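Chain residues, written in single-letter form:
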Amino acid sequence: MSEPAELGILLRRWRERVTPSDVGLTAGPGRRVPGLRRQEVAHLSGVSADYIVQLEQGRATAPSTQVLAALARALRLSNFERDHLLRLAGYGPAVHQSPAPSDDLRRLVDQLDATPAAVCDLCWNPVTWNPMWAAVNGDPLSRPVRERNMLWRLMTGLPTRVNRRARDTQRVQQVLVGDLRARVGQHAHDDRLTGFVADLSAESMRFRDMWNTEHIAAYGHEEKAIEHPLAGVLHLDCDVLTVGNDEVRLIVYTAPRRSETADRIEQLHESLDHDARFQVSA
């Protein structure tokens, strides 16, 4: 069996297993087809129904990664299924590994020992951070890999120490989604990005709606109020700096000198330093 033919069979099977209620649609009376109609998949994905027919019949031999990502999102494919879909279309397996930060960048983050600092990849996954970052935000290693992602947590309503008003939450969500769309435009063939968009679209209707607006933005600064369980409320400036070839971003939290938050950050740092000395002496 040819790869386009196998791709078509799988797309049809995946379409038939998704019910209208799975994607927020009303089935209506007299429905005869199992799963979704092609017109419904077209509505959910933005891919024309005629092109979906061509794909399912094995007549479309060069679907783009954008089309495949949109269909994977609409059909609620798992990561494994999406990767298989990409392989059948000739794009090879999706790459999910985050780029390794350079030794220089790791050293910079480490030497900012009294300042919360971290490096994130294009999808907002933290790839390295210092102890103060973990102390202020919670240790990323204490969470499942997916839940370490900053945008994923914000769009799916996972617990956070950041205290925002509802309108501020929506504004930050829009900026972060716009920033991600800009990165996808700059790195159109990066399967990490298209895969992340597909996964988060399947998980979060709010993200899907914001993504579909095609808004472009850049996330560079935010004033955050972080409710720390020991240090109290920390009012911090969050600055995001693009590093090197635009593959990673450096995030740094700072507070005005001689402010209450600066004093609390210093006390938190001293407590970490004390714990570290105690562990060494023990």
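Residues numbered from 1 in each chain as written. Predicted model: local features only at pLDDT ≥ 70, side-chain atom pairs only at ≥ 80, totals over all residues. Heavy atoms only, no water.

A.B. asks: Explain unusual backbone geometry residue by residue, including any values.
C.D. replies: Positioned with a positive phi, Trp 124 is a non-glycine residue whose angle comes to about 75 degrees. Examined against the element boundaries, Trp 124 turns out to sit in the loop between β1 (117-121) and β2 (126-129). With a phi angle near 60 degrees, Arg 258 is a residue other than glycine that sits in the positive phi range. Mapping Arg 258 onto the fold places it in the loop between β5 (248-254) and α12 (260-281). With a relative accessible area of 77%, Arg 258 lands in the exposed category. (Helix = DSSP H or I, 4+ residues; strand = E, 2+ residues; numbered from the N terminus. Buried < 20%, exposed > 50% of the residue type's maximum accessible area, 1.4 Å probe, protein only.)

A.B. asks: An account of the packing of aromatic side chains is requested, with residue identities and associated values reported.
C.D. replies: Considering all chains together, one arrives at four aromatic pairs under this definition. Ring geometry for Trp 124 against Tyr 219: centres 5.6 Å apart, planes inclined by 80 degrees, an arrangement best described as edge-to-face. Placement of Trp 124 in the loop between β1 and β2 and of Tyr 219 in the loop between α11 (205-212) and β3 (221-228) is noted, with a sequence separation of 95 residues between them. There is no split in this pair, since Trp 124 and Tyr 219 are both buried. Summarising the aromatic geometry, the rings of Trp 133 and Tyr 253 are spaced 4.9 Å apart at their centres and angled 35 degrees between planes, so their arrangement reads as tilted. Placement of the pair is Trp 133 in helix α7 (residues 131-137) and Tyr 253 in strand β5, with a sequence separation of 120 residues. The ring centre of Trp 152 lies 4.5 Å from the NZ or CZ of Arg 146, which sits over that ring. A cation over an aromatic ring shows up here: Arg 249 above the ring of Trp 124, its NZ or CZ 3.8 Å from the ring centre. (Phe/Tyr/Trp six-rings, centres within 6.5 Å; stacked < 30°, edge-to-face > 60°. Lys NZ or Arg CZ within 6 Å of the ring centre and 35° of its normal.)

A.B. asks: Tell me what's going on with the nonpolar core, and back it up with residues and numbers.
C.D. replies: Judged by nonpolar contacts, the single largest core of 39 residues is most densely connected at Trp 124, Val 136, Leu 151, Leu 180, Phe 207, Ile 251 and Tyr 253. The residues contacting Tyr 253, other than those within four sequence positions of it, are Thr 115, Pro 116, Trp 133, Val 136, Asn 137, Lys 224, Ile 226, Leu 236, Asp 237 and Cys 238. Core analysis: the second largest hydrophobic core is formed by 25 residues, Leu 11, Ala 72, Leu 85 and Leu 86 among them. (Core = buried A, V, L, I, M, F, W, Y, C linked by side-chain atoms within 4.5 Å. Contact = heavy atoms within 4.5 Å.)

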